[in-house]
Amino acid sequence: MLSNPVVISIIVLLALSLLRINVVIALVIAALTAGLCGDLGLSKTIETFTGGLGGGAEVAMNYAMLGAFAIAISKSGITDLIAYKIITKMNKTPTGNNLAWFKYLMFGVLVLFSISSQNLLPVHIAFIPIVVPPLLSIFNRLKIDRRAVACVLTFGLTATYMLLPVGFGKIFIESVLVKNINQAGSALGLQTDVAQVSLAMLLPVVGMILGLLTAVFITYHKPREYDVVVEEPTTKDIETHIANIQPKQITASLIAIVATFATQLFTSSTIIGGLVGLVIFALFGIFKLKESNDIFQQGLRLMAMIGFVMIAASGFANVINATTGVTDLVQGLSSGVIQSKGLAAFLMLLVGLFITMGIGSSFSTVPIITSIYVPLCLSFGFSPLATVSIVGVAAALGDAGSPASDSTLGPTSGLNVDGKHDHIWDSVVPTFIHYNIPLIIFGWIAAMYL
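Being a predicted model, the structure only gives us computed values, none of them experimental. (Residues numbered from 1 in each chain as written. Predicted model: local features only at pLDDT ≥ 70, side-chain atom pairs only at ≥ 80, totals over all residues. Heavy atoms only, no water.)

Engineer: Explain the overall build of the protein chain to me, please; I cannot follow it from the model alone.
Structural biologist: When helices and strands are counted, the protein chain shows 21 helices and 0 strands. For the protein chain, buried positions account for 54% of its 450 residues. Of all intrachain contacts in the protein chain linking residues separated by at least 6 positions in sequence, the fraction that spans at least 24 positions is 81%. A total of about 19,000 Å² of accessible surface is found on the protein chain, and carbon and sulfur atoms cover 65% of it. (Helix = DSSP H or I, 4+ residues; strand = E, 2+ residues; numbered from the N terminus. Buried < 20%, exposed > 50% of the residue type's maximum accessible area, 1.4 Å probe, protein only. Contact = heavy atoms within 4.5 Å. Areas by Shrake-Rupley, 256 points an atom, 1.4 Å probe, with all protein chains shown as cover.)

See the structure below:
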């Protein structure tokens, strides 16, 4: 296993990332490592990597348009108004227990936002650069550790689609998990449905809930102060700014937000949705047409990192798929060397972690592993419910805690607007510890006792 090109490249990627090497550079080096260890040769590796970059272009364009839309919303003043209302509430709230209560109330609201982004308003991470940046000054006043906020956001982005068959969860559970498991198990007498998958994923998600509570109430509960380079405006300055916000600006913001979300749902395109929002802002005079270039450039600066990481991750995944590493990992489990049921469950989960971190998508991991995992689980005597749990958890492992996952890149995009939140040490490492470790533990328990 340690000689597998996928495993080696993931280790290289994580090691470079932990050394604070830029994630894009780390992905390129990891891709070269995977290609050379997978006997592709240097020229073939480079060709495969560059050939896969186009797969991330659409995602990058989505984030660029999303960034421009976030800038336009900030110009409307609605986010400043929301922040002002919260600050006013804070100033009226006594210190001590009530202030702590207010802090955890904000965590609860952010959890609801991130859960809703997967189903009620399935915009995924689109809400983060809109909602989070205006709250940073409030986080600073409350001395909130932003690593806790990253864990809160990532929980809603990942646990939700694993458990609830609505929105993105409907795609993951019904269109991916159920479909592939039934195809692999049809000849073996194993058939599952949406209700059974949700039941099988319940215990692993309980593990994630415990990870979330640990992050919020234990690991990152202590006050943390951030050095603010730019002096925050005084309350008087804020009140003057708020007084200058016209009803037309609020109306434009509400119409633009609703229209953008509705268009995205109808067209399944963040690009078109963001464009509609920008046009509405321009028609209401929030910004002049000649300022559209500045708006888009500021949006690019806001979201450029995510875009480039996703492009590089697409090239890296293309190299991974071009090697035989993924196939060897999966088929190696069925070699007959493993005799222990418990060890087999653990290794299947671990291999799923490496595959998902390698190809960058839990949705894409399921078709790769089911053809081997389903018959392997049945041969070891795992129940149908345990088999479903192993496949589902093996696929979900690695989404949280991956340097190239939008489940970690999204929170970073909102929390690092002022340059005070490191992607690797403040988003990737905390979410990896608090979610992947519980998923392995509770996924293993589910496999052994369901």
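Engineer: I'm lost on a nonpolar patch on the surface in this one. Help?
Structural biologist: Among the surface-exposed residues, L199, L202, V206, I209, L210, L213, F217 and I218 lie close enough to one another that they form a single nonpolar patch of about 690 Å² accessible area. Looking at where L210 falls in the secondary structure, it is placed in helix α11 (residues 194-219). (Patch = residues over 30% accessible without salt bridge, like charges linked within 9 Å, V, L, I, M, F, W, Y side chains within 5 Å. Salt bridge = Lys/Arg side-chain N within 4 Å of Asp/Glu carboxyl O.)

Engineer: I keep staring at the pattern of salt bridges and nothing clicks. Help me out?
Structural biologist: Opposite charge on two side chains permits them to pair, given that their charged atoms come into close proximity. Enumeration according to the criterion identifies 6 salt bridges in this entry. Its salt-bridge partner being R147, residue D145 comes within 2.7 Å of it at the nearest N-O pair. Of the charged contacts in the structure, one is a salt bridge between D418 and R146, with a shortest N-O distance of 2.9 Å. Of the two residues, D418 is situated in the loop between α20 (406-415) and α21 (423-449) and R146 in helix α9 (residues 146-163); the sequence distance between them amounts to 272 residues. Judged by relative accessible area, which is 34%, D418 ranks as partly exposed. Through salt bridges with shared partners, a single network forms among D145, R147, R224 and D426.

Engineer: Before we go on, may I ask you to explain the nonpolar core in this structure?
Structural biologist: One broad trend across soluble globular proteins is that nonpolar side chains are buried collectively. Within the largest apolar cluster, 107 residues are counted, with the highest numbers of intra-cluster contacts made by L27, F139, Y373 and F382. Beyond its immediate stretch of four places on either side in the chain, F139 contacts M106, L110, V132, I144, V149 and L415. Among the nonpolar cores identified, the runner-up in size contains 18 residues, and A68, F69, A259 and I286 belong to it. (Core = buried A, V, L, I, M, F, W, Y, C linked by side-chain atoms within 4.5 Å.)

Engineer: Looking at this structure, I do not really get unusual backbone geometry. What am I missing?
Structural biologist: Positive phi values are uncommon outside glycine, yet D39 reaches one of about 65°. Assignment of secondary structure puts D39 in the loop between α2 (23-37) and α3 (42-52).

Engineer: In this structure, what is going on with the packing of aromatic side chains? I would like to understand it.
Structural biologist: Any aromatic ring pair is given by two values, namely how distant the centres are and how the planes are angled relative to each other. The final tally for this structure, using the stated rule, is 4 aromatic pairs. Between the aromatic rings of F155 and Y435, the centroid separation amounts to 6.2 Å while the plane-to-plane angle is 40°, which identifies the pairing as tilted. Of the two residues, F155 sits in helix α9 while Y435 sits in helix α21, which places them 280 residues apart along the sequence. For the residue pair F155 and Y435, the accessibility class agrees, reading buried in each case. Ring geometry for Y161 and F172: centres 5.0 Å apart, planes at 75°, overall edge-to-face. Note that Y161 is positioned in helix α9 and F172 in helix α10 (residues 168-185), a separation of 11 residues in sequence. The exposure class of Y161 is buried, given its relative accessible area of 3%. (Phe/Tyr/Trp six-rings, centres within 6.5 Å; stacked < 30°, edge-to-face > 60°.)

Engineer: Please explain the side chain of D426 as it appears in this structure.
Structural biologist: As for its placement among the helices and strands, D426 is situated in helix α21. Assessed through its relative accessible area of 8%, D426 is described here as buried. Of the polar contacts made by the side chain of D426, one reaches the backbone nitrogen of D422; its length is 2.8 Å. In this view, D426 contacts R147, A150, R224, K420 and H421; residues no more than four positions away in its chain are not counted. (Polar contact = N/O pair within 3.5 Å; in protein donor to acceptor, adjacent residues only side chain to side chain.)

Engineer: Explanation requested: the environment of I390 in the structure shown.
Structural biologist: Within the secondary structure, I390 is located in helix α19 (residues 384-396). In the structure, I390 is positioned 58 residues away from M448 in sequence and 9.8 Å away in space, judged by C-alpha atoms. Excluding its chain neighbours within four sequence positions, the residues that come into contact with I390 are A345, M348, L349, Y373, C377, F382 and A447.

Engineer: Can you walk me through the side chain of T192 in this structure?
Structural biologist: Considering the arrangement of structural elements, one finds T192 in the loop between α10 and α11. Classification of T192 by relative accessible area gives buried; the value is 8%. Every residue in contact with T192, bar those within four places of it in the chain, is listed here: V178, I181, N182, V197 and V388.

Engineer: When you look at the packing of helix α1 (residues 5-18) against helix α16 (residues 325-332) in this model, what are you seeing that I'm missing?
Structural biologist: The description of two packed helices rests on the angle between their axes and on the distance between the axes. Orientation of α1 relative to α16, taken along the N-to-C sense of each, is 115°, at an axis distance of 7 Å. As the angle between them shows, α1 and α16 are arranged roughly perpendicular. Contact residues: α1 offers P5, V6 and V7, while α16 offers G325, V326 and L329. Across the contact of α1 with α16, the residue classes break down as 5 nonpolar, 1 polar and no charged. (Axes fitted to C-alpha atoms, helices over the stretch in contact; angles between N-to-C directions. Parallel < 35°, antiparallel > 145°, perpendicular 65-115°, else oblique. Nonpolar A, V, L, I, M, F, W, Y, C, P; charged D, E, K, R; others polar.)

Interpretation in functional terms is not warranted from these geometric data alone.
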